[in-house]
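# Observations on the model geometry
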Protein chains: 2
Amino acid sequence: MAKSIFYHAGCPVCVSAEHDILNLIGSDNVEVVHVGENKNRIPEAEKAGVKSVPALLTPNGHVLHINFGASMADVKG
Amino acid sequence: MAKSIFYHAGCPVCVSAEHDILNLIGSDNVEVVHVGENKNRIPEAEKAGVKSVPALLTPNGHVLHINFGASMADVKG
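Residues numbered from 1 in each chain as written. Chains lettered and ligands numbered in written order. Predicted model: local features only at pLDDT ≥ 70, side-chain atom pairs only at ≥ 80, totals over all residues. Heavy atoms only, no water.

Chain A appears in an unreviewed UniProt entry as Thioredoxin from Mangrovimonas yunxiaonensis.

Below you can see the structure in the form of structure tokens.
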């Protein structure tokens, strides 16, 4: 199976959701990207439809926005 | 592994998220509950912390609110 990508920004909501997602899907199936520390990944995330973090981009290109940690605008700021 | 519970209300956002979650986690690992059609399940969902649907209640009791379809108040109405 192609990997999902979990975008987060290190916020408490993000960390909690990351643990849950990795438990559910399996850490081998998810690439974890900290967009606060890797701002060069922000354009690709936005292009994929990520509006806020934490968010999970599925292998088929759907974005699941999970709970609400921070908007992408907050991450850029 | 204990099952997760996916609460939804049949809205388009819910249906799309349901397909994604079942693909990612495996349909055998998720109980799907339509709270619009099974309003007797709403109290249990609210007690678990579900504020809006679609939402996934993980086996360890965490609630992942996914995108946004409808608030629980909307579902009750």
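What follows picks up the thread again.
This brings us to the nonpolar core. With 18 residues, the main nonpolar core has A:Ile21, A:Leu56, B:Ile21 and B:Leu56 as its most contacted residues. When residues of this core are traced back to their parent elements, those giving at least two are helix H1 (12-25) and strand S4 (63-71) of chain A together with helix H1 (12-25) and strand S4 (63-71) of chain B. Not counting the four nearest positions on each side in its chain, B:Leu56 is found in contact with A:Leu24, B:Ser4, B:Ile5, B:Phe6, B:Ile21, B:Ile25, B:Val30, B:His62, B:Val63, B:Leu64 and B:Ile66. (Core = buried A, V, L, I, M, F, W, Y, C linked by side-chain atoms within 4.5 Å. Buried < 20%, exposed > 50% of the residue type's maximum accessible area, 1.4 Å probe, protein only. Helix = DSSP H or I, 4+ residues; strand = E, 2+ residues; numbered from the N terminus. Contact = heavy atoms within 4.5 Å.)

The next thing to look at is the relation of the copies chain A and chain B. At an RMSD of 0.0 Å, chain A and chain B line up after a rotation of 180° and a shift of 0.0 Å along the axis. As the rotation angle and translation indicate, the two copies are arranged about a two-fold axis. Taking C-alpha positions as the reference, the residue of chain A nearest the rotation axis is A:Ile66, at 2.3 Å. Of the interface residues in chain A, 100% have counterparts in chain B that sit at the interface too, so the contact is made through matching surfaces. (Least-squares fit on C-alpha atoms with pLDDT ≥ 70 in both.)

What follows is about the confidence of the model for chain A. With 99% of its residues at a pLDDT of at least 70, chain A reaches an overall mean of 95. Per the prediction output, this complex has pTM 0.93; the corresponding ipTM is 0.90. (pLDDT = per-residue confidence, 0-100.)

In this section: unusual backbone geometry. A negative phi holds for most residues other than glycine; trans holds for most peptide bonds. All names here are of chain A. Omega for the peptide link from Val53 to Pro54 comes to 0°, which places this bond in the cis form. Take Pro54: it is sitting in strand S3 (residues 52-57). Positive phi values are uncommon outside glycine, yet Asn67 reaches one of about 45°. One can find Asn67 in strand S4.

With that settled, consider the state of the cysteines. Residues and elements named next belong to chain A. Here the structure, examined in full by the defined rule, presents two disulfides over all chains. Shown here is the disulfide that connects Cys11 with Cys14, its sulfur atoms set 2.4 Å apart. Disulfide Cys11-Cys14: the torsion about the S-S bond is 60°, which places it as right-handed. Residue Cys11 is classed as buried on the basis of its relative accessible area, which comes to 16%. (Disulfide = S-S within 2.5 Å.)

Further remarks concern H1(B). Because an α-helix completes one turn every 3.6 residues, residues spaced three or four positions apart along the sequence face the same direction. Residue and element names in this part refer to chain B. In this model H1 runs 20 Å from its N-terminal to its C-terminal C-alpha over 14 residues, within 8% of the 20 Å that 1.5 Å per residue would give. Listed in full, the buried residues belonging to H1 are Cys14, Ala17, Glu18, Asp20, Ile21, Leu24 and Ile25. Immediately downstream of H1, the backbone of Gly26 shows phi near 100°, a positive value. (Expected span 1.5 Å × (residues − 1).)

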